[in-house]
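Notes for the structure review
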Amino acid sequence: MKLPKRIASAIFGPIPITRSRAIGASERLSAVTTLTASLEYLTQRKQTRPGGLNDWSVSRDVQVRSTPATRKLLDLISGEKTTTALHVARVAVSAGMLLPGNSRWRGAGSLFLGVSSAALYPRHRYGTDGSDQVSVLVQTATGLARVSTSPQTQDALMWYVAMQANVSYIISGWVKLLGESWKDATALSGVMRTKTYGHEPTYKLTKKYPRASRYLTHSVLALECLFPVAYLAGGKLARPVIAAAGSFHVANGLLMGLGRFVTAFTSMHPMVAYTSAPKSHPAVADRDDRLLTVGAALLAGAASVAGVVAVQRRMRTLEGWPLSRMLTTRHDNELQYEITSGDDPDLPVLVFAAGMVSTAEHFSWITEKIAQESAYGVLTYSRAGYAGSRYRSTSAYDLAESVDDLVDLIEGAVPEDRKVVLVGHSLGGELARRAAAALGDRLHGIVYLDSSHPGELIRSKQQSEAAERLNDGLNMLVRSLKSGMGILMARPDWLEALPATCRRQVLAQYTDARLWEAGRREWAAVDADFRAFDGDLGSVDAHALVISAQQTIDRDPEQLLMHNELAEAHRGAGRHVETVVMEDADHDSLLTSARFATEVGRRILAFLDGTELTTESVQRAMEETGQ
């Protein structure tokens, strides 16, 4: 019985490591990461020279919003000679950190490595990875721990690294769990077949032994999601958990070429070992665990704040604007909308339909231009589930439902004697095209703004490949936001480009799960509908303006062909059709950039002036022929 007990004791049980040994192990492993990274950069200097992947004359544009002092400092660091000198110094310091000893001077070495890694990050923006961020974390913590003479401070820093390690594994695991490919165990073979991180022999093995591949994939999920079990039962599971995590990183290094990940992430493991051992063990008897309590209190406080912010944003989202109105459609959906009649009741009302996971406020620059410089009416609305609109339908959702809602909104909100011009961006353009038949003579024209085409998932390889990843992304966002993590979402760059008066309202919608949940519902219908498209757009008896974003068609020339097909569907006697490519604009900036959106508004007004002339000439011709 002695041998089985000895084996069990070797496998299960805490890892007896002292404070000093844990700090030493972590700082040495992290030093290996920095040594490897700097040697890589020194041997690949062509990447930082003019024309390279990290040409600073190009990369520095990312720092346009930084302070002048920050930009000057980065310019200094990013000079070729300075960058080379820093990496040479990092190689020397990293090599010195591998030598034996426990001097406080080692703290200065770790701090130098951590600070220099952070300073060089913008210089090597493309090609950096998670190992660099982990290295900064560990080196800063171990450096401060070495410099400090207080055991309590050292323990607080070690607990901080250990908690970060647990969080990184948990988040990585639960994010994977949101994707179908990890749950159905196809993720491993999928990664192994990629050019960037793939390994052909391993890919072939996953296909040859699917059951083993499934067990391995689910084991990785279990390891990451359940990493904190290392702390249960007095740390009895610490050895197998840390050994499994270490093996996982070694495998990533060998198969995926992520060599720096091995030492970067394992540099946090000594801290996990130190903090997971029971205080009854002599090696950690004097350990100070107060930071764990403080961390738990801060986490509870942060969760409370996140909940309050989420509730406030939900209320702002549902409330809408002071002049918002509601209309119930045939599907029992309640649509929130805003309408201005314009100065001339004889002119059409422009009805704006937004794209998927977009807001009515995205049209703000355009609607402002039209309202200020014309007498047309303007109507913006939110589809069911977006903003203050409620999704009440009890039947299975399809795109026809949103088309019906749009038609019902026009019939209920726009006076019967006024025609309408539909302005649709992305998916909104396709909904407008489909609504044409139901609107009949009421439809004056359609403006397509970088519109979707029902054949895009079949004809565009780029669109089809992106579509395969979109569902997982939407699932992740919906579940994350429902758990109150909206407070962590960064403000997107395009938000700052919108008019200041609507930014808060848009941010509230953007960080609310309802918008993404509505988008997920729409995407499922779009994916099924577009993949079943038979290739016939059908004729649309209305004027048309088709505006394409240059960056959209540059990335995927097939989009220009499809946009031209949208225009062709409108051509016929008495119909005015125009096509425009908006130079330098992309799919979103066509609306969100003041420069592009104002030009779009000008183009719409010019187009409408042209359609009025066309309509008048047709009417005169009909009168002259007695028809």
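Reference entry: report on the structure contained in this document. (Residues numbered from 1 in each chain as written. Predicted model: local features only at pLDDT ≥ 70, side-chain atom pairs only at ≥ 80, totals over all residues. Heavy atoms only, no water.)

A few points about the packing of helix 16 (residues 290-319) against helix 23 (residues 500-510)
Heads up, the condition is: Note on method: axes are straight lines fitted to C-alpha atoms, helices fitted across the in-contact stretch only, with angles between N-to-C directions ranging 0 to 180 degrees. Strands here mean DSSP runs of E at least two residues long; helices mean DSSP runs of H or I at least four residues long; both are numbered from the N terminus. Geometric relationships in this document are graded by angle, where less than 35 degrees denotes roughly parallel, more than 145 denotes roughly antiparallel, 65 to 115 denotes roughly perpendicular, and other angles denote oblique. Handedness of a crossing follows from how the near helix is turned relative to the far one, being left-handed for an anticlockwise turn of less than a right angle and right-handed for a clockwise one. We call two residues contacting when some pair of their heavy atoms lies within 4.5 Å.
One way to put it is that helix 16 packs onto helix 23 with a least axis distance of 8 Å and a crossing angle of 115°. One finds that helix 16 runs roughly perpendicular with respect to helix 23. Our pair here, helix 16 against helix 23, has a crossing hand that is left-handed. Between helix 16, through Arg313, Arg316 and Thr317, and helix 23, the contact on the second element is made entirely by Arg504, Gln505, Leu507, Ala508 and Gln509.

Quick word on a nonpolar patch on the surface
We count it as follows: Patch membership is restricted to residues that have no salt bridge and whose relative accessible area is over 30%. Joining uses 9 Å for like charges and 5 Å for the nonpolar side chains Val, Leu, Ile, Met, Phe, Trp and Tyr. Accessible areas in this description were obtained via Shrake-Rupley with a 1.4 Å probe; residue shielding takes into account the shown protein chains only. Salt-bridge detection follows one rule: a side-chain nitrogen of Lys or Arg within 4 Å of a carboxyl oxygen of Asp or Glu. Only protein chains enter the accessibility calculation, which uses a 1.4 Å probe; a residue is then buried when its area is under 20% of its type maximum, exposed when over 50%, and partly exposed in between.
A surface patch of nonpolar side chains, about 370 Å² in accessible area, is lined by Val305, Met485, Ile487 and Leu488. Tracing the backbone shows Ile487 in the loop between helix 21 (461-482) and helix 22 (493-497). Of the residues examined, Ile487 reaches a relative accessible area of 35% and is grouped as partly exposed.

Comments concerning the side chain of Lys369
Filter applied, for reference: Two N or O atoms count as a polar contact when they lie within 3.5 Å, although within protein this holds only if one can serve as hydrogen donor and the other as acceptor, and sequence-adjacent residues are included solely when both atoms are side-chain atoms.
By the secondary structure assignment, Lys369 is in helix 17 (residues 364-373). For Lys369, the side chain forms a polar contact with the side chain of Glu373, separated by 2.8 Å. Beyond its immediate sequence surroundings of up to four residues, Lys369 is in contact with Thr598, Gly601, Arg602 and Leu605.

Describing the packing of aromatic side chains
What counts is decided by this rule: Here a Phe, Tyr or Trp ring, Trp counted by its six-membered ring, pairs with any other such ring whose centre lies within 6.5 Å, and the pair is stacked when the planes are under 30 degrees apart, edge-to-face when over 60, and tilted otherwise. Only when the NZ of Lys or the CZ of Arg is both within 6 Å of the ring centre and within 35 degrees of the ring normal is a charge said to sit over the ring.
Applying the stated criterion to the full structure yields 7 aromatic pairs. Here the aromatic rings of Tyr510 and Trp516 are separated by 5.5 Å at their centres, their planes lie at 65°, and the arrangement is edge-to-face. One exposure class covers both Tyr510 and Trp516, and it is buried. Among the aromatic residues, those joined into a ring-pair cluster are Trp494, Tyr510 and Trp516. Geometry around Tyr215 places Arg214 over its ring, the cationic atom sitting 5.9 Å from the centre. The ring centre of Tyr397 lies 5.9 Å from the NZ or CZ of Arg521, which sits over that ring.

Here we look at the sheet that holds strand 5 (residues 420-425)
Note the threshold: A pair of strands counts as paired when DSSP detects no fewer than two bridges linking them.
As summarised here, the arrangement of the 8 strands in space is 1-2-4-3-5-6-7-8, forming an open sheet in which the pairing is mixed. Each end of this open sheet is capped by a strand with a single partner; those strands are strand 1 (325-328) and strand 8 (577-582). Looking at each pair of strands side by side, their axes are set apart by 20° on average, direction ignored. Pairing of strand 3 (residues 349-353) with strand 5, which is carried by 5 bridges, proceeds in the parallel orientation. Within strand 5, the residue paired with Leu350 across the bridge is Val421. Seen against the sheet, helix 17 touches strand 3, strand 4 (377-382) and strand 6 (443-449) and runs at an angle of roughly 175° to strand 3.

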